[in-house]
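Descriptive structure summary
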Amino acid sequence: MSDIKILLNESDIPTHWYNVVADMPKPPLPPLAPDGNPVTPEQMLAIFPGPLLEQEMSGERWIPIPEPVREIYKQWRPTPMFRARRLEQMLGTPAKIYYKYEGVSPAGSHKVNTSVPQAFFNKMVGINRLTTETGAGQWGSSMSMAGQMFGIEVRVYMVKVSYNQKPFRRSMMHTWGAEVFASPTDMTNAGRAALAADPNNPGSLGLAISEAVEEAASRKDTNYCLGSVLNHVCLHQTVIGLEAKKQFEKVGDYPDMVFACCGGGSNFAGTAFPFLADKAAGKKVRLVAAEPTSCPSLTKGVYAYDFGDVSGYTPLMKMYTLGHDFMPPSIHAGGLRYHGDSPLVCQLYNEGLIEAVAVPQIATFEAGVQFARAEGIIPAPESCHAVRACIDEALRCKASGEAKTLFFNLSGHGHFDMASYDKYFAGELVDYDYPEEAVKEALKRLPKIAA
Ligand SMILES: *Cc1c(COP(=O)(O)O)cnc(C)c1O
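None of the values given here were measured: they were computed from a predicted structure.

**Quick notes on the packing of helix 6 (residues 138–149) against helix 8 (residues 167–175)**
The N-to-C vectors of helix 6 and helix 8 enclose an angle of 10 degrees; their axes lie 8 Å apart at closest approach. One way to sum up the angle between helix 6 and helix 8 is to call them roughly parallel. Facing Gln138, Gly140, Ser141 and Ser144 of helix 6, the residues of helix 8 in contact are Arg169, Met172 and Met173.

**Some remarks on the sheet that holds strand 10 (residues 257–261)**
Pairing is mixed across the open sheet formed by seven strands, whose spatial order is 1-4-5-15-10-11-14. Each of the sheet's edge strands pairs with one partner strand only, and the pair in question is strand 1 (5–6) and strand 14 (355–359).

**Structural notes on helix 6**
Taking 1.5 Å of rise per residue, twelve residues should cover 16 Å, and helix 6 covers 17 Å from first to last C-alpha, within 8% of that figure. Listed in full, the buried residues belonging to helix 6 are Gln138, Trp139, Gly140, Ser141, Ser142, Met143, Ser144, Met145, Ala146 and Gly147. Those residues of helix 6 hidden inside the fold are in contact with helix 5 (112–124), strand 6 (129–134), strand 7 (153–159) and helix 8. Gly151, located one to two residues past helix 6, shows a positive phi value of around 65 degrees.

**Quick look at the pairing of strand 6**
Both faces of the sheet carry side chains from a regular strand, because those side chains alternate between them. Burial analysis of strand 6 places six of its six residues in the buried class, the great majority of the element. Here strand 6 shows two buried faces, one formed by Arg129, Thr131 and Glu133 and the other by Leu130, Thr132 and Thr134. Where strand 6 and strand 7 come together, six bridges link them in parallel fashion. When the sheet's bridge partners are listed, Thr132 is paired in strand 7 with Val156. Handedness of the crossover joining strand 6 and strand 7 through helix 6: right-handed.

**What about helix 5?**
With 13 residues, helix 5 should cover 18 Å at 1.5 Å per step; its first-to-last C-alpha distance of 18 Å lies within 8% of that length. For helix 5, a buried count of eleven out of 13 residues is recorded, marking the element as mostly surrounded by other parts of the structure. Three or more residues of helix 5 are buried, namely Val112, Asn113, Thr114, Ser115, Val116, Pro117, Gln118, Ala119, Phe120, Phe121 and Asn122. Count one or two residues on from helix 5 and you reach Gly126, which has phi positive near 85 degrees.

**Re the packing of aromatic side chains**
Within this structure, the stated rule accounts for 20 aromatic pairs. Taken together, a centroid distance of 4.9 Å and an interplanar angle of 70 degrees make the contact between Tyr98 and Phe248 edge-to-face. Of this pair, Tyr98 sits in strand 5 (residues 96–101) while Phe248 sits in helix 12 (residues 239–251); the two residues are 150 residues apart in sequence, bridging distant segments of the chain. Across the pair, exposure class does not vary: Tyr98 and Phe248 are buried alike. Geometrically, the ring pair formed by Phe120 and Phe150 is edge-to-face, given 5.9 Å between the ring centres and 65 degrees between the ring planes. Separated by 30 residues along the polypeptide, Phe120 in helix 5 and Phe150 in the loop between helix 6 and strand 7 bring together distant segments of the chain. Aromatic rings pair up to connect Tyr98, Phe248, Tyr254, Phe275 and Phe407 into one cluster.

Reading the values: rules and limits
- Residues numbered from 1 in each chain as written.
- Predicted model: local features only at pLDDT ≥ 70, side-chain atom pairs only at ≥ 80, totals over all residues.
- Heavy atoms only, no water.
- Axes fitted to C-alpha atoms, helices over the stretch in contact; angles between N-to-C directions.
- Helix = DSSP H or I, 4+ residues; strand = E, 2+ residues; numbered from the N terminus.
- Parallel < 35°, antiparallel > 145°, perpendicular 65-115°, else oblique.
- Contact = heavy atoms within 4.5 Å.
- Pairing = 2+ DSSP bridges.
- Expected span 1.5 Å × (residues − 1).
- Buried < 20%, exposed > 50% of the residue type's maximum accessible area, 1.4 Å probe, protein only.
- Right-handed = clockwise from strand over helix to strand, strands pointing away.
- Phe/Tyr/Trp six-rings, centres within 6.5 Å; stacked < 30°, edge-to-face > 60°.

See the structure below:
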């Protein structure tokens, strides 16, 4: 058997998702209402189905994956893992580099690992309509595909600048039968207020979330779904790390370090949490989240309760935040422009169980191009952050002569992001420093809650 491409059988697709809460030193901090009291399940049931809410609050280590979801997973899972021998050679490193590739899914990224079960559990409770938001369109397209598979209507509020600049992701959503609107719209209070203040408002992820939540909360037949951050989303993504562990077993190896890029945190959680189970059992493994220097929630944010959206419609979550109304610079890795991070990822970071690094934009594209030239696959700009962090470690190994085993998750392909690569080649990309002043300003507006 070759150790270049490490494949599993259909029967190796996990039968259960792994819930990291069971192995956390302390129970997770609950989401709070603005009055400082924990949010009640009744409030959440207005927009989420019961089974997903149960997962959100569960402390069970293993949660069964419903058979209809596993059946759909079979179309692209198990995803392949590769030994990056050509990249190792190009770098001249003694380190061994492995990566798992989530870009083989129909929507081209890891996001369908959660859009499919989210559609399934909504259908189970009789919901036939879903709203969601999307920035660059990866989540919107993943949710559109899943909705179509379960006969659920999907309405996507897409950030207006992306709606105009990224027409092909919009076309994908239409192809999968979804309705797509440029946010802000005149269909919601949040949208109308934004347009009244500025008719040319370009939109933001936080505003699109506000619109999608508002619509779902106002209609009995409609629920809302989110593509990252929440516990149940991180849970669904653990199929990545669970498969990776089996793939390492197959080649008789185990990583010293695991890398994944981190926007809202679900990709990192899905990749790293199953390895954290081993760490909790005494195994030595380092888990590293890679984020942009321009939106450095983990490395430069404060650990505090904050809103998940701009308008303050969501519950307060304890997370490393740059402030809910902080506007990150328009970097090309749109999926990593989020002011906060998954509360689970944040708590584990706070407890020192995981690590984080911030990498600048130009260096991430440099790594992406180097990776594409060695391995063939063109990474999404988000994934380039993990590639960069892993290559940096491989180069440190070269300097020190250490033969570490490194592993990263390649969360998606960059086929719809070639305009960003063009800008990199034309020398038009810039590095944004840590926006210290903007963050300081935004942090002044953290919600005040009773202690
Ligand atoms: C959305 C996205 C990310 C960021 O995912 P999070 O789970 O929110 O951290 C990373 N890579 C790709 C390809 C994405 O589409």
